[in-house]
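# Summary of the model geometry
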Amino acid sequence: MLTAVAFLTLTTAIEEEGALGLRLDLSFTMLLATVALQVVLAHAVPKAKVFTTIDRIALVSVVFVCAIAVFSMVVQQMHDLHDYEWRDLHRVNVSGAIVMLVVYTGICVGVVRAATGYQSTFMSDLIKEEEEEEAYRDGIGWKTARPDLNMQGSDASAPTAADRISRRVAPTVAD
């Protein structure tokens, strides 16, 4: 959301005196807000040793907020150094803003879809293994059909599919 607001800095006037300073002020304010949000999320979300979806989107957001600031400087330099007309700079400004917004949105959608795909695969594996366990326990007996599940004691001591998947995804010291 903060990055979407940062894209609005590109709608500020570019032909006025001090417009670059205003745009950079807005861009860096959004950068500070994005970093502050990351700090809050870091304390609120449980620690993980992997690069999570939230981490990826936060990184992309910081990169794009910085890109907006750089783009603002480039547009101003095009006028100052190369004497482009303001009308042409407005086209460059709008085109650049649209391209950056589309690329940002595409990257975020790709990150979320990849995470969703992994999650649905994980859940379907979990459901499949639980159904197999139930079939073995109800059918021919799981101790003889699945020696990898064979443990000392009763059926209640058998590891569940969730136990095996959690060990596969996040191994413990004992594993």
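Structure: see above.
These remarks concern the structure in this document. Starting from 1, residues in each chain are numbered consecutively following that chain's sequence as written. Owing to the predicted nature of the model, reporting of local features is limited to residues with pLDDT of at least 70; listing and counting of side-chain atom pairs is limited to 80 or more, with chain, interface and lining totals taken over all residues. Values shown for side chains rest on all heavy atoms present in the structure; no hydrogens or waters enter the calculation.

## Quick notes on the overall build of the chain
Put simply, DSSP H or I for four residues or longer makes a helix, DSSP E for two residues or longer makes a strand, and each gets a number counted from the N terminus. When helices and strands are counted, the chain shows six helices and zero strands. Scanning the chain from its N terminus toward the C terminus, one meets helices and strands in the order α-α-α-α-α-α. In this analysis, two residues are considered to be in contact whenever any of their non-hydrogen atoms come within 4.5 Å of each other. Counted over contacts in the chain with a minimum sequence separation of 6, partners at least 24 positions apart contribute 63%.

## Comments concerning the side chain of Arg23
Structurally, the position occupied by Arg23 is in helix H2 (residues 19-44). Every residue in contact with Arg23, bar those within four places of it in the chain, is listed here: Thr9, Leu10, Thr11, Thr12, Ile14, Ser72 and Asn93.

## Concerning the nonpolar core
Put simply, a nonpolar core is a bunch of buried Ala, Val, Leu, Ile, Met, Phe, Trp, Tyr and Cys residues held in one set by side-chain atoms that sit within 4.5 Å of each other. Whether a residue is buried, partly exposed or exposed follows from its accessible area with a 1.4 Å probe, protein chains only, as a fraction of its type maximum: under 20%, in between, or over 50%, in that order. Counting residues in hydrophobic clusters, the biggest one holds 19 residues, and the most contacted among them are Phe7, Leu10, Phe64, Ile68, Met100 and Tyr104. Top contributing element to this core by residue count: helix H3 (residues 53-82), with eight residues. With residues up to four places along the chain from it excluded, the contact list for Tyr104 reads Thr3, Phe7, Val60, Ser61 and Phe64.

## Brief notes about the pattern of salt bridges
Each reported salt bridge corresponds to a side-chain nitrogen of Lys or Arg within 4 Å of a carboxyl oxygen of Asp or Glu. Counted according to the given criterion, the structure contains one salt bridge. Note that Asp88 is salt-bridged to Arg91, the shortest N-O span being 3.2 Å. In this pair, Asp88 and Arg91 are both assigned in helix H4 (residues 86-138), three residues apart and thus about one turn of the helix distant. A residue is classified by how much of its surface remains accessible, and Asp88, at 26% relative accessible area, is partly exposed.

## Here's the deal with the packing of H2 against H3
The interhelical angle for the contact between H2 and H3, taken along N-to-C directions, is 170°, at an axis separation of 9 Å. Taken together, the axes of H2 and H3 lie roughly antiparallel to each other. Seen from H2, the contacting residues are Leu20, Arg23, Leu24, Ser27, Phe28, Met30, Leu31, Thr34, Gln38 and Leu41; seen from H3, they are Ile54, Ala58, Leu59, Ser61, Val62, Val65, Cys66, Ile68, Ala69, Ser72, Met73 and Gln76. Charged means Asp, Glu, Lys or Arg here, nonpolar means Ala, Val, Leu, Ile, Met, Phe, Trp, Tyr, Cys or Pro, and polar covers whatever is left, Gly included. Class assignment for the residues of the contact of H2 with H3 results in 15 nonpolar, six polar and one charged. Note on method: axes are straight lines fitted to C-alpha atoms, helices fitted across the in-contact stretch only, with angles between N-to-C directions ranging 0 to 180 degrees. With respect to orientation, any angle under 35 degrees is reported as roughly parallel, any angle over 145 as roughly antiparallel, any angle of 65 to 115 as roughly perpendicular, and every other angle as oblique.

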